[in-house]
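Secondary and tertiary structure notes
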Amino acid sequence: MTLAGEELLARARTAGEVRPDVTAPDLYALINAAAWAGEQSSPPQGERLLTFGLDGFRTWATDRE
């Protein structure tokens, strides 16, 4: 599973969509956290939190620092 995630992230990095420091374990942790949050509140809230997290993985997120 980690290999599949790393391959997905490699393609996203090549396309310039994902920061170079994001790892597959980072992605899985974020997805698990969003799923847990969705179980604790509503599915729309879980989706909203996942969107916030994924936006932080994008390359343009580092432009704000």
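Residues numbered from 1 in each chain as written. Predicted model: local features only at pLDDT ≥ 70, side-chain atom pairs only at ≥ 80, totals over all residues. Heavy atoms only, no water.

Observations concerning the overall build of the protein chain
Along its length, the protein chain carries three helices and zero strands. The helix and strand sequence of the protein chain, counted from the amino end, reads α-α-α. If one aligns the C-alpha atoms of the protein chain with their principal axes, the spans along those axes are about 35 × 30 × 15 Å. For the protein chain, the residues scored as buried account for 25% of the 65 residues in total. (Helix = DSSP H or I, 4+ residues; strand = E, 2+ residues; numbered from the N terminus. Buried < 20%, exposed > 50% of the residue type's maximum accessible area, 1.4 Å probe, protein only.)

Concerning the packing of helix 1 (residues 2–14) against helix 2 (residues 24–40)
When two helices pack together, their arrangement is given by the angle between the helix axes and the distance between those axes. Remark: helix 1 packs on helix 2, axes separated minimally by 8 Å, with the N-to-C direction vectors making an angle of 100°. Considering their axes alone, helix 1 and helix 2 lie roughly perpendicular with respect to each other. On the side of helix 1, the interface is formed by Thr2, Ala4, Gly5, Glu6, Leu8 and Leu9, while helix 2 contributes Ala24, Pro25, Leu27 and Tyr28. Broken down by class, the residue content of the contact of helix 1 with helix 2 amounts to seven nonpolar, two polar and one charged. (Axes fitted to C-alpha atoms, helices over the stretch in contact; angles between N-to-C directions. Parallel < 35°, antiparallel > 145°, perpendicular 65-115°, else oblique. Contact = heavy atoms within 4.5 Å. Nonpolar A, V, L, I, M, F, W, Y, C, P; charged D, E, K, R; others polar.)

Quick notes on helix 3 (residues 43–57)
Between its first and last C-alpha atoms helix 3 spans 21 Å; for 15 residues at 1.5 Å apiece the expected length is 21 Å, and the two agree. Contacts made by the buried residues of helix 3 are with helix 2. (Expected span 1.5 Å × (residues − 1).)

A look at helix 2
Between its terminal C-alpha atoms helix 2 stretches 24 Å, which fits the 24 Å expected from 17 residues at 1.5 Å a residue. Among the residues of helix 2, Ala24, Leu27, Leu30, Ala34, Ala37 and Gly38 are the ones counted as buried. When helix 2 is viewed along its axis, its buried side chains cluster within an angular range of 155° and face the same direction. For helix 2, the exposed residues lying more than 90 degrees away from the buried face are Asn32, Trp36, Glu39 and Gln40. Those residues of helix 2 that are buried lie in contact with helix 1 and helix 3. (Arc of directions from axis to C-beta.)

Regarding the confidence of the model for the protein chain
A residue-level look at the protein chain finds 92% of positions with pLDDT of 70 or above and a mean pLDDT of 83. Mean pLDDT values for the elements of the protein chain range from 79 in helix 3 up to 91 in helix 1. (pLDDT = per-residue confidence, 0-100.)

What to know about the pattern of salt bridges
Within the structure shown, the criterion is met by two salt bridges. The salt bridge involving Glu6 is made with Arg13; its shortest N-O contact spans 3.8 Å. A salt bridge links Asp21 to Arg19; its shortest N-O distance comes to 2.7 Å. Residue Asp21 is classed as partly exposed on the basis of its relative accessible area of 46%. On the basis of relative accessible area, Arg19 is assigned to the buried category, the value being 18%. (Salt bridge = Lys/Arg side-chain N within 4 Å of Asp/Glu carboxyl O.)

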